[in-house]
Amino acid sequence: MSESSQPHDQASGKLRPLRVVGSLSSLPDNVIGAANLNVWGVVAFMMIEGMGFALCGAAALYLASQGKGWPPSGTAPPDLSFGIAFTILLLASEVLNRWVDRKAWAHDLAGLRLGMVLITAVGVVLIGVRALELMHLNVRWSDNAYGSTIWLLMVLHTSHLITDVADTAVQTEWLFRKEIEDKQFSGASDNCLYWDFVVLTWLPIWGLVYWMPRFWGGS
Amino acid sequence: MQQAELASEEARVAAIWRDKPGLWGFLTTVDHKRIAARYIVTTLALLIVAGILALDMRLQLSQPGMERMGPQRYNEAFSLHGSTMLFLVSVPVMEAMALWLVPLMLGQRNMAYPRLAAYSYWLYLGGVLMLWVPHALDVTPDLGWFEYPPLSGPTYSPGHRADIWAQMITFTEVAALAASVNVVATILKLRPPGMTLARMPLFLWAMLVTSLMTMLALPAVMLATSLLIADRLVGTQFFSPNAGGDVLLFQHLFWFFGHPEVYIIFIPAVGFISAIVETFSRRPLFGYTVQVLALISIGLLAFGLWVHHMFAVGLPRLGASFYTAASMAIALPVGLQIFCWIATIGSGRPRYDTPLLWIIGFIVTFVLGGLSGVMTASAPLDLQLTDTYFVVAHLHYVLVGGAMFPLFAALTYWYPKATGRMLSEWWGKVSFWLIFAGFNIGFFPMHILGLMGMPRRIYTYEEWTGWGTLNLVASGGVLIASAGASILVANALFSLRGGRRAGADPWGGSTLEWDCASPPPPHNFPATPVVESRTPLWRQEHAQAVMTGLSLKRREVLITSPGEAVPEYRQYSPGPSIWPLLSAIATGILFVGSIFTPWALVWGSIPVAVALIGWFWPRPVKEEPR
Ligand code: HEM
Ligand SMILES: [Cu+2]
């Protein structure tokens, strides 16, 4: 079997024997928290997407500063009510989310199952409220650059919201399977981290979509 | 532990890491070496194709009044050449080299996220098809390698040429982001015990900085092209001034990426150079800390540079001047690095084999290119030279001299490791001198043509301009370089079978990849190496210190802490899977569909979701391995 060869320099016959200085076999085969490899992947993707959010925000500020009206005269800013409802519900979900994370850390399967079901349910409700928000933006994306920007910000956040809710739902289903692996607990904890991201990124977007048109004003 | 016992353990590990044979194995592999190899081969094939395209342009320009190409054909040719060279060759080839090298330099068995690596390649391939299949059908983007609105907007560019360019970017950038995340996580979390940050080979530092830059820079160009597509497809108004939009927004976003882009190509090259200079000087690199700091400062400067457009210059003076401004700020850290390399060579016992020749070719060319950059960076000259052949000369000096020569150095340096065979030194030297001379004969005259006022992006010129002679010289030089390139390719192909056997460490290298067999087996290393210095192979004891204890039943990699590389846990490493390919196909359908209808984003996301669920589906541990 050629694959089983030692890393010896066969061509020159130079031999590089190995000197065993220790064993890794006593290390755990999964950990939860910052040492976990997958957390680094989640954080890396949050960094990329966070950059995307920041650039969209910058684009919004840039376009608003062109002095052509934000919103242009004759256009009303988005209705506040659904935006406020969404924000409150989202912040409440964050409390639940932190609780779920603690259950994951504690390897409390029953608690984790309950928490994940709840957070999925809240997520579905949030998507519903989001739909109402979209119906009350008071501008179409094709009306003007202001409208395009408002929709850009909303679509960006909504796509993350839907992705994370779908991801939570799938992971929840997996938690109800017969055989549970240790890495499903760290996976659930990663999911909580991502939910933090969805909550945190909403706050500046909320400001840009709902409050900037009110304070920046028309031209 | 006895050597015999180690060997029997290794046989079991080898069985776990081996791919299935045949086509299925090809489609499902997550072996970083196989993925990187196909990545590299694809980029090199495109380098050749886009090079032939360039040769075609040079033939067209070799004499005044040539009629081989009309203006439209010429526009298509340089757009295709520039876009291919930057988006499908330069950036991906560097990532591909990292996918191949990073685990080997770390003494590891795979990347942090093996399936993500496979996904990255398949998406990249989608980007290649996105640009070149329509070209075969005669729908070629024709607005250069950056396609500004309003020219690329719905009004002035009906049809799908601009969409194709924009979605090619989306494909390749998602692929690049996937690769970068993988590289960062691998370098920070999969280092062998003992390889602290301060003992990390410079190539790994270079890839770490590059990948972080990629993650911060690429979202900008994806946003720019997505907004462009939205304007073209669903009637948003981001870039239409009469509806409150602003065309400069595109340029700002594009150059927020465009500035760092040059460094994203150049910094991996710095990594190659450092590795090669060290080995062929046969002494540890001079000024390691200075080199690391220089790398980091280049990374920071790259983003800082963009700011001068926003505050100092007021109106963005973009496009051409970007290369020159880039070379100005880069001058100090790169100057330091060049000094360190020369000091290493000067104080070592250098061996002038082909890889080191390429490095010296790089230094000469890059210094010349840098000088011309400094020239154009002075404002009055710049006005004179912007959009002339001076810029064409300069950007090729930077890109070919600064990135391609180090790449060729790297390919000749690691070829024996990848194939188990040596390249012919003699033919290697012949191809080096032909390409080096041909390139300089081909591109140096363009500086003068620029000073004489020849504009870039013209498909022909007239007799009275007096540009004919120098253009003929330029085209002749490119022909010489092409002959050299053909020899290089032939050498690589013939040596695959006919080359001398290389053995594990033909050059006397200093880093871990030279400790495993050539070519490396699927599991790379028999056990986890323990590192005690920056140059682990130049050690006193003959035997390599290792740790055993990774599973013999399933694929595992060792996870260590990001700073001190202290072992933390044994991570299960996913095996072969068809899902990355299926996910890439689903993503590709979504991207292509969204050129035609916005609904593709909605319906197209369903297969993507299905594929991703399949990808991450948890399998009980006992099902592994196959
Ligand atoms: C030795 C082989 C090469 C030759 C003969 C060549 C030749 C040319 C020519 C004739 C043009 C068009 C100039 C004009 O009309 O404005 C051009 C443009 C360009 N080339 Fe090359 N090139 C070569 C290699 C490369 C490489 C390796 C890269 C990048 C890594 C590259 C990047 C570009 C870019 C970015 C443009 C600008 C395209 C645009 O104007 O949009 N070239 N090249
Ligand atoms: Cu600049």
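Keep in mind it's a predicted model, so treat the numbers as computed, not measured.

Thresholds applied
Residues numbered from 1 in each chain as written. Chains lettered and ligands numbered in written order. Predicted model: local features only at pLDDT ≥ 70, side-chain atom pairs only at ≥ 80, totals over all residues. Heavy atoms only, no water. Helix = DSSP H or I, 4+ residues; strand = E, 2+ residues; numbered from the N terminus. Rg over C-alpha atoms; globule rule 2.2 N^0.38 Å. Buried < 20%, exposed > 50% of the residue type's maximum accessible area, 1.4 Å probe, protein only. Contact = heavy atoms within 4.5 Å. Lys, Arg positive; Asp, Glu negative; His and termini not counted. Charge placed at Lys NZ, Arg CZ, Asp CG, Glu CD. Pairing = 2+ DSSP bridges. Buried area = accessible area lost by both parts, 1.4 Å probe. Salt bridge = Lys/Arg side-chain N within 4 Å of Asp/Glu carboxyl O. Polar contact = N/O pair within 3.5 Å; in protein donor to acceptor, adjacent residues only side chain to side chain. Nonpolar A, V, L, I, M, F, W, Y, C, P; charged D, E, K, R; others polar. pLDDT = per-residue confidence, 0-100. Core = buried A, V, L, I, M, F, W, Y, C linked by side-chain atoms within 4.5 Å. Donors = N, O, S within 2.8 Å, 3.2 Å for Na, K, Ca; no water. Tetrahedral: all angles 85-135°; square planar, octahedral: opposite > 155°, others 65-115°. Near = heavy atom within 4 Å. Expected span 1.5 Å × (residues − 1). Axes fitted to C-alpha atoms, helices over the stretch in contact; angles between N-to-C directions. Parallel < 35°, antiparallel > 145°, perpendicular 65-115°, else oblique. Left-handed = near helix turned anticlockwise from the far one by under 90°. 1 Å grid on protein atoms, 1.4 Å probe; cavity = no way out; pocket = protein on both sides within 12 Å on 5 of 7 lines; lining within 4 Å. Points joined across faces, edges and corners; volume = space filled by probe spheres on them.

**Student:** Can you walk me through the overall build of chain A in this structure?
**Tutor:** Secondary structure summary: chain A contains 5 helices and 1 strand in total. When the helices and strands of chain A are read in sequence order from the N terminus, they spell out β-α-α-α-α-α. Against the compact-globule benchmark of 17 Å for 219 residues, chain A has a radius of gyration of 24 Å, which places it well outside the compact range. Taken over 219 residues, chain A has a buried fraction of 52%. For chain A, long-range pairs separated by at least 24 residues make up 81% of all intrachain contacts whose partners lie at least 6 apart in sequence. Positive and negative side-chain charges of chain A, numbering 14 and 18 respectively, have mean locations separated by a distance of 3 Å.

**Student:** For this particular structure, what's the right way to read the pairing of strand β3 (residues 556-560) of chain B?
**Tutor:** Within a regular beta strand, the side chains point alternately toward one face of the sheet and then the other, so they alternate between its two faces. All names here are of chain B. Of all 5 residues that make up β3, 5 are buried, and the element is covered over most of its length. Here β3 shows a buried face lined by Glu556, Leu558 and Thr560 and a second buried face lined by Val557 and Ile559. For β3 and strand β4 (residues 567-572), the ladder comprises 5 bridges, and the chain directions are antiparallel. Directly across from isoleucine 559, in β4, lies its bridge partner tyrosine 569. The turn joining β3 and β4, which pair antiparallel and follow one another in sequence, is formed by 6 residues; a positive phi near 55° is taken by alanine 565.

**Student:** Explain the interface of chain A and chain B here, please?
**Tutor:** The parts lose accessible area when they come together, and the size of an interface is often stated as this lost area. The interface is formed by 59 residues belonging to chain A together with 86 residues belonging to chain B. Carbon and sulfur atoms supply 66% of the area buried between chain A and chain B, which totals about 6300 Å² over both sides. Summed over the three residues of chain A that lose the most area to chain B, namely A:Arg16, A:Leu24 and A:Leu37, the buried surface amounts to 12% of that side. Joining chain A to chain B, the criterion identifies 1 salt bridge. Of the charged contacts in the structure, one is a salt bridge between B:Arg554 and A:Asp29, with a shortest N-O distance of 3.7 Å. Joining chain A to chain B, the criterion identifies 18 residue pairs in polar contact (both at pLDDT 80 or more). Mapped by element, the contributors of at least two residues to the side of chain A that touches chain B are β1 (18-23), α1 (37-64) and α4 (145-175) of chain A. In terms of residue count, the dominant contributor to the side of chain A that touches chain B is α1(A) (15 residues). Its residues assigned to classes, the side of chain A that touches chain B comprises 31 nonpolar, 16 polar and 12 charged. Here β1(A) runs beside strand β2 (residues 544-548) of chain B; their pairing, made up of 5 bridges, is parallel. Following the sheet pairing, A:Gly22 is matched in β2(B) by B:Met547.

**Student:** Honestly, the confidence of the model for chain B in this entry has me stumped. Any pointers?
**Tutor:** The predicted coordinates of low-pLDDT regions are not to be read in fine detail. All names here are of chain B. On average, residues of chain B score 90 in pLDDT, and 92% of them reach the 70 mark or higher. Averaged pLDDT values for the elements of chain B fall to 61 in helix α12 (residues 379-385) and rise to 97 in β3. This model gives residues 309-320 a pLDDT under 50, and the stretch forms 22 contacts once residues within four places in sequence are excluded. Complex prediction metrics read pTM 0.93 and ipTM 0.91.

**Student:** I tried to follow unusual backbone geometry on my own but got confused; where do I start?
**Tutor:** Among all residues save glycine, negative phi is the norm, and among peptide bonds the norm is trans. Backbone torsion omega between A:Trp70 and A:Pro71 reads 5°, so that peptide bond is classified as cis. Tracing the sequence through the fold places A:Pro71 in the loop between α1 and α2 (80-105). Each neighbour pair has its own omega, and for B:Ser518 with B:Pro519 the value is -10°, a cis peptide bond. Relative to the elements of secondary structure, B:Pro519 occurs in the loop between α15 (468-498) and β1 (528-529). Of note in the backbone geometry, A:Asn138 takes a positive phi value of approximately 65° without being a glycine. Take A:Asn138: it is sitting in the loop between α3 (109-135) and α4.

**Student:** What is the right way to read the nonpolar core from this model?
**Tutor:** Nonpolar side chains in soluble globular proteins tend to end up buried together. In this structure, B:Phe87, B:Leu204, B:Phe254, B:Phe405 and B:Trp414 are the most contacted members of the largest nonpolar core, which totals 243 residues. With near-sequence residues (within four places) excluded, B:Phe87 lies in contact with B:Pro92, B:Trp145, B:Trp165, B:Met168, B:Ile169, B:Thr172, B:Glu173, B:Phe254, B:Phe257 and B:Glu261.

**Student:** I tried to follow the coordination of the iron atom of ligand 1 on my own but got confused; where do I start?
**Tutor:** Between any two of four tetrahedral donors, the ideal angle at the metal is 109.5 degrees; between two of six octahedral donors, it is 90 or 180 degrees. Residues and elements named next belong to chain B. Protein ligation of the iron atom of ligand 1 involves His81 (NE2) and His396 (NE2), the donor distances falling in the range 1.9 to 2.0 Å. What the 6 donor atoms of the iron atom of ligand 1 show is an angle range of 89 to 179° at the metal, which sorts the shape as octahedral. One end of the pair, histidine 81, is in helix α4 (residues 71-105); the other, histidine 396, is in helix α13 (residues 389-419), with 315 residues separating them in the sequence. The pair formed by histidine 81 and histidine 396 is uniform in burial state, with each residue classed as buried.

**Student:** What is the right way to look at the site of ligand 1 in this model?
**Tutor:** Residue and element names in this part refer to chain B. In the vicinity of ligand 1 lie 23 residues, with Tyr74, His81, Trp145, His396 and Arg457 positioned nearest. Interatomic distance of 2.8 Å between a side-chain N/O atom of histidine 81 and a nitrogen atom of ligand 1. Here a nitrogen atom of ligand 1 and a side-chain polar atom of histidine 396 are 2.8 Å apart. For the shell around ligand 1, the secondary structure elements donating two or more residues are α3 (32-61), α4 and α13. For the shell around ligand 1, the class distribution of residues is 15 nonpolar, 5 polar and 3 charged.

**Student:** Before we go on, may I ask you to explain α3(A) in this structure?
**Tutor:** Side chains of residues three or four places apart in an α-helix project in the same direction, reflecting 3.6 residues per turn. Residue and element names in this part refer to chain A. Taking 1.5 Å of rise per residue, the 27 residues of α3 would be expected to cover 39 Å, and the 39 Å separating its terminal C-alpha atoms lies within 8% of that figure. Buried within α3 we find Gly111, Leu112, Gly115, Met116, Ile119, Thr120, Val122, Gly123, Leu126, Val129, Arg130 and Glu133. Elements that come into contact with the buried residues of α3 comprise α2, α4 and α5 (182-216). Where α3 starts, the residue carrying a side-chain oxygen 3.3 Å from the main-chain nitrogen of alanine 110 turns out to be aspartate 108.

**Student:** Which parts of the structure should I look at to understand the packing of α2(A) against α5(A)?
**Tutor:** Residues and elements named next belong to chain A. Interhelical geometry of α2 versus α5 gives an angle of 160° and a closest axis separation of 9 Å. Overall, the two elements α2 and α5 adopt an arrangement that is roughly antiparallel. Our pair here, α2 against α5, has a crossing hand that is left-handed. Counted by class, the contact of α2 with α5 contains 20 nonpolar, 5 polar and 5 charged residues.

**Student:** Would you mind going over empty space enclosed by the protein with me for this structure?
**Tutor:** If a probe as big as a water molecule is rolled over the atoms, it shows which places are left empty. Residues and elements named next belong to chain B. In the structure shown here, the tally under the stated rule is 11 cavities of 30 Å³ or more. As for the largest cavity, its lining consists of 21 residues, of which Pro201, Leu202, Ala275, Glu278 and Thr511 are closest to the centre. No other element matches helix α8 (residues 247-281), which puts 5 residues into the lining of the largest cavity. For the lining of the largest cavity, the class distribution of residues is 11 nonpolar, 6 polar and 4 charged.

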